[in-house]
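The lines below spell out each chain.
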Amino acid sequence: MTKQTKELKALVLQGGGALGSYQAGAFEALAESKIEIDWLAGISIGAINGAIICGNPPALRAERLAQFWRQTSALLTAPPVSKDGASLRLFNESSAALTAGFGVPGFFTPRAPPLIPGWPYDPGNLSLYDTASLEETLRRLVDFDLLNAGPIRYSIGATNARTGNFQYFDTKYHKIGPEHVMASGALPPGLPPIEIGGEFYWDGGLVSNTPLQYVLDFEGDHENICVFQIDLFSALGELPKTMLEVAQREKDIRYSSRTRLNTDVERRRCAVREAIHRFSERLPAELRDDPDWRVIDDYGSPRATTIVHLIHRRAVAESASKDYEFSRYTMERNWADGRMDVEKTLTHPDWIARTPPRSGVKVFDLTLSREQRARNTAL
């Protein structure tokens, strides 16, 4: 396709721990719909899901994701005895307590003996849990040679624990290994910082839990970009009525990480680009070669951006522990919700009738509401 018609497809995966199975289900549905991803950017669990996707051939990606999520949910595989709100809440909190007490298979395990809070330790051991098992899991499920040389560009964010600065590791510029993926998901104080090049890194979600802006800032040969943004925390929600709901709502707001703000900024930026492009047509010929104008004119190249929001929304009896509630029942429910939201989006009349915009920003937010999901999905 020509430069004017080529549309880059990007997949952006937010952090969110146990909620990441929603992304796995969403990706499975996208892959079945023959949507080919050119660029994947992730934070935390999004970086782990992304590594499995980019580090496997297309035919194995969904199965490798399923292997990872079946392994992480192996501690509690029995479904809840009852599916009313009170019973589900007890089930969810019991599952989260198991995670806190015993860790997650193939992901992290409690340190034994636990660290003494005021005692100095090596920086790589400063955490409640050990992640050696995650490195083993990544090496088993991810072909890092393919991840670095494959057809999908892979970018993940982490936070420098010393400077507090955000750092992206990107296969366009870096060779990515298991340590980079682990660093992106090293949320303190639970998980230890990971050393890379003499610096220690924590979870990218400490600075920004959504790598959308990094993707929107790209400069390349494509004029159009379509971003599938898979969020695990919803910025929009109801006003809390209890202290338990306050804890959940605070976490949703904190980790939703300005997704809609990024979209609004992109709208304004595209408007400026269009204005520069229109103005350039009226500029006197003697000014077109001015170095200052060439800088402005390069920025003014029009670009069309499409953003598809796919957002995990609060389920029945979900609480602030949802990002570390790794039961098999909840994993499968989140996976199914991710699939359902993609299928709903791709069969919606607005998407079917879609054509890439000539310029500016077009946003699709076509997922089911929580109330619709409650009516249409058996608990």
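Up top is the structure these notes are about.
Residues numbered from 1 in each chain as written. Predicted model: local features only at pLDDT ≥ 70, side-chain atom pairs only at ≥ 80, totals over all residues. Heavy atoms only, no water.

Asker: I'd love a proper account of the overall build of the protein, names of residues and values included.
Answerer: Assigned secondary structure in the protein consists of 14 helices and eleven strands. Looking at the protein residue by residue over its 379 residues, the buried ones come to 52%. In the protein, of all internal contacts separated by at least 6 residues, the share reaching a separation of at least 24 is 76%. Total accessible area on the protein stands at roughly 17600 Å², and carbon and sulfur atoms take up 57% of it. (Helix = DSSP H or I, 4+ residues; strand = E, 2+ residues; numbered from the N terminus. Buried < 20%, exposed > 50% of the residue type's maximum accessible area, 1.4 Å probe, protein only. Contact = heavy atoms within 4.5 Å. Areas by Shrake-Rupley, 256 points an atom, 1.4 Å probe, with all protein chains shown as cover.)

Asker: How would you explain the packing of helix α3 (residues 61-72) against helix α12 (residues 328-346) if you had to name every residue and give the values?
Answerer: Direction vectors running N to C along α3 and α12 enclose 150 degrees, while the axes themselves pass 10 Å from each other. Relative to α12, the element α3 is oriented roughly antiparallel. Contacts between α3 and α12 involve A62, L65, A66, W69 and R70 on the former and, on the latter, R328, M331 and W335. Here the contact of α3 with α12 is composed, by residue class, of six nonpolar, no polar and two charged. (Axes fitted to C-alpha atoms, helices over the stretch in contact; angles between N-to-C directions. Parallel < 35°, antiparallel > 145°, perpendicular 65-115°, else oblique. Nonpolar A, V, L, I, M, F, W, Y, C, P; charged D, E, K, R; others polar.)

Asker: Now, about the layout of surface pockets: what can you tell me, with residues and values included?
Answerer: Roughly 550 Å³ of volume is contained in the largest pocket. Around the largest pocket, the lining is made up of 28 residues, and of these G17, L187, L191, D323 and Y324 lie nearest the centre. Of all the secondary structure elements, the ones that give two or more residues to the lining of the largest pocket are α2 (45-54), α4 (85-102) and α9 (243-256). Looking at the lining of the largest pocket, the element that brings in the most residues is α9, giving three residues. Looking at the lining of the largest pocket, its residues break down into 15 nonpolar, nine polar and four charged. (1 Å grid on protein atoms, 1.4 Å probe; cavity = no way out; pocket = protein on both sides within 12 Å on 5 of 7 lines; lining within 4 Å. Points joined across faces, edges and corners; volume = space filled by probe spheres on them.)

Asker: Any chance you could break down the pattern of salt bridges for me, citing the residues and the numbers?
Answerer: Summed over all chains, the structure comprises 16 salt bridges. Here E135 makes a salt bridge to R139, at a shortest N to O gap of 3.2 Å. You can see E135 and its partner R139 sitting in helix α5 (residues 132-141), four residues apart, about one turn around the helix. The exposure class assigned to R139 is exposed, which follows from its relative accessible area of 53%. Several salt bridges converge on common partners, so that one network encompasses E28, E32, R339 and E343. (Salt bridge = Lys/Arg side-chain N within 4 Å of Asp/Glu carboxyl O.)

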